[in-house]
There are 2 protein chains.
Amino acid sequence: MRASDRAYATLHADIINWRLVPGTTLGEVELSERLGVSRTPIREALARLTAEGLAEPQSGRGTVVSGISLDHLDELFELRSALECRAAELAALRGDRDTFLELYRKLANAGGLITEDDPSRSGYYRLAGELDSAVEAAVGNHYLNQALKNLRVHLVRVRRLGKDNPARLRDAAREHAAIALAIANGNPTVASAATTVHLDNSLRHLLSTAPDISSEPHS
Amino acid sequence: MRASDRAYATLHADIINWRLVPGTTLGEVELSERLGVSRTPIREALARLTAEGLAEPQSGRGTVVSGISLDHLDELFELRSALECRAAELAALRGDRDTFLELYRKLANAGGLITEDDPSRSGYYRLAGELDSAVEAAVGNHYLNQALKNLRVHLVRVRRLGKDNPARLRDAAREHAAIALAIANGNPTVASAATTVHLDNSLRHLLSTAPDISSEPHS
DNA sequence: ACAAGCAATTGTGTATACATAAATTGATTT
DNA sequence: AAATCAATTTATGTATACACAATTGCTTGT
């Protein structure tokens, strides 16, 4: 594996997991010493992070971890809604009925997955990821999928802002199940509407439970 | 201006204007000699182009100019539709009536701009760009605008594939005028529908007039 | 003649040295 | 004492040298 890939993966994970908080300066010299590689691969990693939106150039000099303030959450979710609603529509038109019917069954029974035994809720998030992957595969659109992928980087980061209490997760699972069912039924209108409802609920839950952080806006 | 910026700008323009055709290998050594800078800024420029989707890593070794085949035009326009329809909706909800009414008037009279005196159609394209900018400003969503900006890079490239005959451009101007009017009227449904119609017409025109190139697909 | 292996060349990955620009600190002057 | 200018320091931008991997071509053996 290339050194630049390792540096990128390390920094990416550090930012996603909020070990590097917004506003942290990413100095090339400091990072090259901390990660044990020269500045060249560090520069490449920082360029990738900047292109991804996880970091941004500081006025004239240096790079800093980009911030996601609650003020911009609604903007993020507007883009998410545009992409995911259309993706759900297309999946309803093109997807395989049985695939999404199976996902519907699993999601409808996902309440059992959300227990105190699994504080990271990995079971639920894995299932939600399966639905996302199935939609992507059914859509079969490179450009749309790429845009969704770029977006999800920020969504993972945002997820840490809210407290995912079991009640909300069970509701979310039901909403996901509704989306899967609409796609299985080949109904794009309902699939899009169910996605709209789900995203609105998710956003309002986030805004109501997230801590009142005030990191600088996303440039 | 930094050498990496100049290298990026040069390569970007060369790819957009099809001076570098899809599949062209972008060797670091060759480019550093041709552009008169060392490999380091070349690497940074290539990284930016790759992130943008104008270039892509060749299996294991090197970077090549990415291709846009007609097979993928529909995918590109699906993403475009998702983003621009939503943008039109939001602009209708938030935009300033007078701004878009003024744009409507100019677009409705754009037929006179499309003359044989202006073979590059710069007058029309400038006006279309004004509408795009007004929509962006009205939407006021950093993430959505960024996604649109990323997309337009590819659209500019694709435009060169089709022959923009005056009849189609006059139709396009009328379609744009319809979008502007719907936004001015604050009607998101009509704004979205008019955008859908316009994009469908544009895509079908492109597919019917574009030369039968067969560059390799976008990986 | 064809195939396989080895060598040579070419190109990318990484490290490091040097140049340059910006920020900070200290000193001097008002 | 405060403000401004200069100098020093620090960090980024660029160039280049070195290491390594891959591909290509040549040679040799079957």
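Residues numbered from 1 in each chain as written. Chains lettered and ligands numbered in written order. Predicted model: local features only at pLDDT ≥ 70, side-chain atom pairs only at ≥ 80, totals over all residues. Heavy atoms only, no water.

When helices and strands are counted, chain A shows nine helices and two strands. Counting from the amino terminus, chain A carries its helices and strands in the arrangement α-α-α-β-β-α-α-α-α-α-α. The C-alpha radius of gyration of chain A comes to 19 Å, within 12% of the 17 Å expected for a compact globule of 219 residues. Its C-alpha atoms give chain A principal-axis dimensions of roughly 55 × 35 × 30 Å. Across the 219 residues of chain A, 49% fall into the buried class. Restricting the contact set of chain A to residue pairs at least 6 apart, pairs at least 24 apart contribute 77%. For chain A, the computed accessible surface area is about 10300 Å², with 52% contributed by carbon and sulfur atoms. (Helix = DSSP H or I, 4+ residues; strand = E, 2+ residues; numbered from the N terminus. Rg over C-alpha atoms; globule rule 2.2 N^0.38 Å. Buried < 20%, exposed > 50% of the residue type's maximum accessible area, 1.4 Å probe, protein only. Contact = heavy atoms within 4.5 Å. Areas by Shrake-Rupley, 256 points an atom, 1.4 Å probe, with all protein chains shown as cover.)

Right, let's talk about the domain arrangement of chain A for a bit. Residue and element names in this part refer to chain A. Along its sequence, chain A is organised into domain 1 (3-65) and domain 2 (70-209). A combined buried area of about 730 Å² lies between domain 1 and domain 2, and 61% of that area is made up of carbon and sulfur atoms. In terms of surface lost to domain 2, no three residues of domain 1 exceed I16, W18 and E52, which account for 60% of the buried area on that side. Summed over the shared surface of domain 1 and domain 2, the result is zero salt bridges. Between the two partners, domain 1 and domain 2, sit three residue pairs in polar contact (both at pLDDT 80 or more). (Domains from an automatic or database assignment. Buried area = accessible area lost by both parts, 1.4 Å probe. Salt bridge = Lys/Arg side-chain N within 4 Å of Asp/Glu carboxyl O. Polar contact = N/O pair within 3.5 Å; in protein donor to acceptor, adjacent residues only side chain to side chain.)

Let us now look at the interface of chain A and chain B. Listed per partner, the contact involves 24 residues of chain A and 24 residues of chain B. Note on chain A versus chain B: buried area summed over both sides is about 2300 Å², and carbon and sulfur give 54% of it. The tally of links between chain A and chain B comes to four salt bridges. Put simply, E78 of chain B and R94 of chain A hold a salt bridge, and the shortest N to O gap is 2.1 Å. Mapped onto the side of chain A that touches chain B, the elements with two or more residues apiece are helix 3 (39-52), helix 4 (73-94) and helix 7 (142-159) of chain A. In the side of chain A that touches chain B, the residues fall into eleven nonpolar, seven polar and six charged. (Nonpolar A, V, L, I, M, F, W, Y, C, P; charged D, E, K, R; others polar.)

Our next topic: the protein's contact with DNA strand C. Looking at DNA strand C, there are 16 residues lining it, with R2, A3, S38 and T40 of chain A together with R43 of chain B nearest. Counting only the atoms of DNA strand C that lie within 4 Å of the protein, the sugar and phosphate share comes to 56%. Considering every element that reaches the surface near DNA strand C, the biggest residue donor is helix 3 of chain A, with three residues. Class assignment for the residues of the surface near DNA strand C results in four nonpolar, five polar and seven charged. (Near = heavy atom within 4 Å.)

All names here are of chain A. The geometry of helix 5 (residues 97-108) relative to helix 8 (residues 166-184) is characterised by a closest axis approach of 8 Å and an angle of 160° between their N-to-C directions. Between helix 5 and helix 8, the crossing angle belongs to the class labelled roughly antiparallel. Crossing of helix 5 over helix 8 shows left-handed handedness. Residues R97, F100, L101, L103, Y104, L107 and A108 of helix 5 touch helix 8, and the partners they reach there are A173, H176, A177, A180, L181, I183 and A184. Among the residues making up the contact of helix 5 with helix 8, the classes are represented as twelve nonpolar, one polar and one charged. (Axes fitted to C-alpha atoms, helices over the stretch in contact; angles between N-to-C directions. Parallel < 35°, antiparallel > 145°, perpendicular 65-115°, else oblique. Left-handed = near helix turned anticlockwise from the far one by under 90°.)

Around DNA strand D, a shell composed of 16 residues is seen, among which R43 of chain A together with R2, A3, S38 and T40 of chain B lie nearest. When atoms of DNA strand D within 4 Å of the protein are sorted by moiety, sugar and phosphate together comprise 52%. Interatomic distance of 2.7 Å between a backbone N/O atom of S38 of chain B and a phosphate oxygen of DNA strand D. In the model, a sugar or linking oxygen of DNA strand D is placed 3.2 Å from a nitrogen or oxygen of the R61 of chain B side chain. Sorting the residues of the surface near DNA strand D by element identifies helix 2 (28-35) and helix 3 of chain A together with helix 1 (3-16) and helix 3 (39-52) of chain B as the ones contributing at least two each.

Take the relation of the copies chain A and chain B next. Overlaying chain A on chain B yields an RMSD of 0.1 Å, the required transformation being a rotation through 180° with an accompanying axial translation of 0.0 Å. In the structure described here, the two chain copies are related by an operation that fits a two-fold rotation axis. Take the interface residues of chain A: 100% of them recur as interface residues in chain B, which is what a same-surface contact looks like. (Least-squares fit on C-alpha atoms with pLDDT ≥ 70 in both.)

Before going further, it helps to spend a moment on the pattern of salt bridges. Counted according to the given criterion, the structure contains 36 salt bridges over all chains. Taken together, the salt bridges that share partners define one network made up of R80, E84, D132, E136 and R152 of chain A.

Looking now at the packing of aromatic side chains. Using the criterion set out here, one finds two aromatic pairs over all chains in the structure. The ring centre of Y8 of chain A lies 3.8 Å from the NZ or CZ of R48 of chain A, which sits over that ring. (Phe/Tyr/Trp six-rings, centres within 6.5 Å; stacked < 30°, edge-to-face > 60°. Lys NZ or Arg CZ within 6 Å of the ring centre and 35° of its normal.)

As a further point, take the confidence of the model for chain A. With 96% of its residues at a pLDDT of 70 or more, chain A shows a mean pLDDT of 91. With pLDDT under 50 throughout, residues 214-219 of chain A is counted as low confidence; its partners more than four residues away or in other chains account for 22 contacts. (pLDDT = per-residue confidence, 0-100.)

All names here are of chain B. Relative to the helices and strands, E52 resides in helix 3. Of the buried charged residues, E52 lacks a salt bridge, with R48 as the closest side chain of opposite charge at 6.5 Å. Side chain to side chain, E52 and H12 meet in a polar contact 3.5 Å long. Dropping the residues within four chain positions of it, E52 is found in contact with Y8, H12, V153 and H154. (Lys, Arg positive; Asp, Glu negative; His and termini not counted.)

Looking now at the nonpolar core. Ranked by size, the top nonpolar core spans 98 residues in total, and within it L83 and F100 of chain A together with L83 and F100 of chain B carry the most contacts. Aside from chain neighbours lying at most four places away, what touches F100 of chain A is A91, G95, L131, A134, V135, A138, A180, I183 and A184 of chain A. (Core = buried A, V, L, I, M, F, W, Y, C linked by side-chain atoms within 4.5 Å.)

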